[in-house]
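Each chain, written out:
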Amino acid sequence: IAVVDRLRTAIGTDAIVVHYQPIVSLETGGFIAVEALVRWVPPGEAPIGPDDFIPAAEDSGLIVPLGEQVLRRACHDAAVWYRRYGTTLTVNVSPRQLSEADFAARVMRALHDAGLPAAALILEITEGVLVGAGAQADQTIAHLSELRRFGVKVAVDDFGTGYSSLAYLRDLPIDILKIDRSFMPDAATGDPAQQVALVRTIVDLAHTLRLTAVAEGVETDEQTTVLRTLGCDKGQGFHYGRPAPADRTAEVLAGVV
Ligand code: G
Ligand code: G
Ligand code: MN
Ligand code: NA
């Protein structure tokens with residue numbers, strides 16, 4: 001059976017699972033947020049990662065109900081974490097979801113039903129979503145602007161790999177830049193001084209635009225030290241924690257493990 005037909009059957013069932021990866025404050029070291037990352041676990045089979053089904057979900061339109069399921073599940077799980085620890089939630093959204101006429105209403109309903117305040121939610125979009133004139137980009141910008149008026153924040157994911165111009169970054173309704181993990185300094189792959197200078201440039205750009213800088217793909221203590229020195233606000237990566245199921249994440253946040 002084609003992957004799309006199998007996925008269609010899985011949506012709405014507990015074969016769609018949401019894992020959470022911690023995001024830390026580089027100032028305090030504390031876990032301050034989690035990113036929701038979807039997995040598909042067909043009964044009796046190995047889990048399938050998002051890279052192997054999100055593209056098909058986007059092409060087929062299944063990303064709309066799938067994304068809604070992930071958003072609702074994640075808001076529900078995060079509501080208790082937010083009440084207990086102030087942990088915020090960041091959720092990836094696809095261009096297709098953002099172009100739905102009722103996108104903002106769906107997000108507000110998910111927040112309301114979960115009892116999660118709008119200020120506890122961040123939506124992650126990719127640079128491409130906002131770039132380029134046209135009705136679709138206008139619609140997306142209108143949705144994000146509306147949600148921001150309620151306190152929802154917007155993060156640009158994988159920053160530095162796309163095509164956003166400085167004018168877009170200045171003018172668009174965004175709050176956070178997530179620096180793509182390919183920019184993390186790595187002695188094995190290049191000139192350390194140049195790598196660090198590049199990260200510094202992105203962090204300074206974020207701050208010049210009054211945006212929060214989040215480093216992705218942090219895997220070592222050395223990288224953490226560099227990021228703190230550069231004044232990067234937050235970090236995410238295997239060094240702080242891998243994506244984990246909700247029950248495990250609850251234990252990590254509680255300090256049990
Ligand atoms: O979880 P990693 O573990 O493999 O995620 C791979 C990619 O899939 C990431 O780039 C992430 O942005 C994307 N992704 C993960 N979960 C979701 C989701 O719920 N919706 C969308 N649109 N993308 C997701
Ligand atoms: O594109 P996005 O940032 O939404 O995706 C997060 C993806 O990055 C997930 O696939 C997640 O498993 C992966 N990831 C998270 N932390 C690290 C890390 O430290 N190193 C690497 N190589 N991948 C990571
Ligand atoms: Mn992301
Ligand atoms: Na990313």
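Residues numbered from 1 in each chain as written. Chains lettered and ligands numbered in written order. Predicted model: local features only at pLDDT ≥ 70, side-chain atom pairs only at ≥ 80, totals over all residues.

**Q** What should I look at first to understand the overall build of the protein in this one?
**A** In terms of helices and strands, the protein carries 11 helices and eight strands. Radius of gyration (C-alpha) of the protein: 18 Å, near the 18 Å computed for a compact globule of 257 residues. In terms of overall dimensions, the protein has a C-alpha envelope of 50 × 50 × 40 Å along the principal axes. Taking contacts inside the protein between residues at least 6 apart in sequence as the whole, the part at least 24 apart equals 64%. (Helix = DSSP H or I, 4+ residues; strand = E, 2+ residues; numbered from the N terminus. Rg over C-alpha atoms; globule rule 2.2 N^0.38 Å. Contact = placed C-beta atoms within 7 Å.)

**Q** Looking at this structure, I do not really get the site of ligand 1. What am I missing?
**A** With respect to spatial proximity, 13 residues lie near ligand 1, and among them Leu-37, Val-38, Pro-50, Asn-92 and Ser-94 are the closest. Those elements giving two or more residues to the shell around ligand 1 turn out to be strand 2 (31-40) and helix 3 (63-85). Tallied by class, the residues present in the shell around ligand 1 amount to seven nonpolar, four polar and two charged. (Near = placed C-beta within 6 Å. Nonpolar A, V, L, I, M, F, W, Y, C, P; charged D, E, K, R; others polar.)

**Q** Got a minute to help me understand the pairing of strand 1 (residues 16-25) in this structure?
**A** Regular strands place side chains that alternate from one sheet face to the opposite one. Most of strand 1 is tucked away, with seven of its 10 residues classed as buried. As paired strands, strand 1 and strand 2 are joined by nine bridges and run antiparallel to one another. Bridge pairing in strand 2 links Val-17 to Arg-39. Counted along the chain from strand 1 to the antiparallel partner strand 2, the turn is five residues long, and its residue Gly-29 has a positive phi close to 80°. (Buried ≥ 20, exposed ≤ 12 C-beta atoms within 10 Å, placed from the backbone. Pairing = 2+ DSSP bridges.)

**Q** Sorry, what's going on with unusual backbone geometry here?
**A** Trans peptide bonds make up the majority, and among non-glycine residues the majority have a negative phi. For Asp-158, which is not glycine, the phi dihedral falls at a positive 55°. Structurally, Asp-158 is set in strand 5 (residues 153-159). Despite not being glycine, Arg-210 has its phi angle at roughly 60°, a positive value. By the secondary structure assignment, Arg-210 is in the loop between helix 9 (192-208) and strand 7 (212-215). Residue Arg-210 is classed as exposed on the basis of its C-beta count, with 7 C-beta atoms lying within 10 Å.

**Q** What is the right way to read the site of ligand 2 from this model?
**A** Contacts to ligand 2 come from 13 residues, most closely from Asp-157, Gly-217, Glu-219, Gly-237 and Phe-238. The class makeup of the residues in the shell around ligand 2 is four nonpolar, four polar and five charged.

**Q** Would you take a moment to explain the nonpolar core for this structure?
**A** In this structure, Ala-36, Ala-74, Cys-75, Ala-78, Leu-89 and Leu-177 are the most contacted members of the largest nonpolar core, which totals 68 residues. Per-element accounting of this core gives the leading share, nine residues, to helix 3. (Core = buried A, V, L, I, M, F, W, Y, C linked by C-beta atoms within 7 Å.)

**Q** What is the right way to look at helix 5 (residues 103-114) in this model?
**A** Residue pairs three or four apart in sequence face the same way in an α-helix, which turns once every 3.6 residues. Taking 1.5 Å per residue as the helical rise, helix 5 with its 12 residues ought to reach 16 Å, and the 17 Å between its terminal C-alpha atoms agrees with that figure. Within helix 5, burial applies to Phe-103, Ala-104, Val-107, Ala-110, Leu-111 and Ala-114. One side of helix 5 carries all its buried residues, which in axial view fall inside an arc of 125°. Structural note: helix 5 exposes His-112 and Asp-113 on the side pointing more than 90 degrees away from its buried face. Each element contacted by the buried residues of helix 5 is listed here: helix 3, helix 4 (95-98), strand 4 (121-126) and helix 7 (135-149). Positive phi shows up at Gly-115, right after helix 5, with a value of about 75°. (Expected span 1.5 Å × (residues − 1). Arc of directions from axis to C-beta.)

**Q** Is there a simple way to explain the confidence of the model for the protein in this structure?
**A** Residues shown with low pLDDT carry predicted positions that ought not to be read at fine detail. With 99% of its residues at a pLDDT of at least 70, the protein reaches an overall mean of 95. Across the assembled chains, the prediction reports ipTM 0.96 with pTM 0.97. (pLDDT = per-residue confidence, 0-100.)

**Q** Sorry if this is basic, but what is going on with the environment of Ile-179 here?
**A** Tracing the chain through its elements places Ile-179 in strand 6 (residues 176-179). Considered as a pair, Ile-179 and Phe-159 are 20 residues apart in the sequence and their alpha carbons are 4.8 Å apart. Contacts of Ile-179, omitting those with residues within four sequence positions, involve Phe-159, Gly-160, Val-199, Ile-202, Ala-213, Val-214, Ala-215 and Glu-216.

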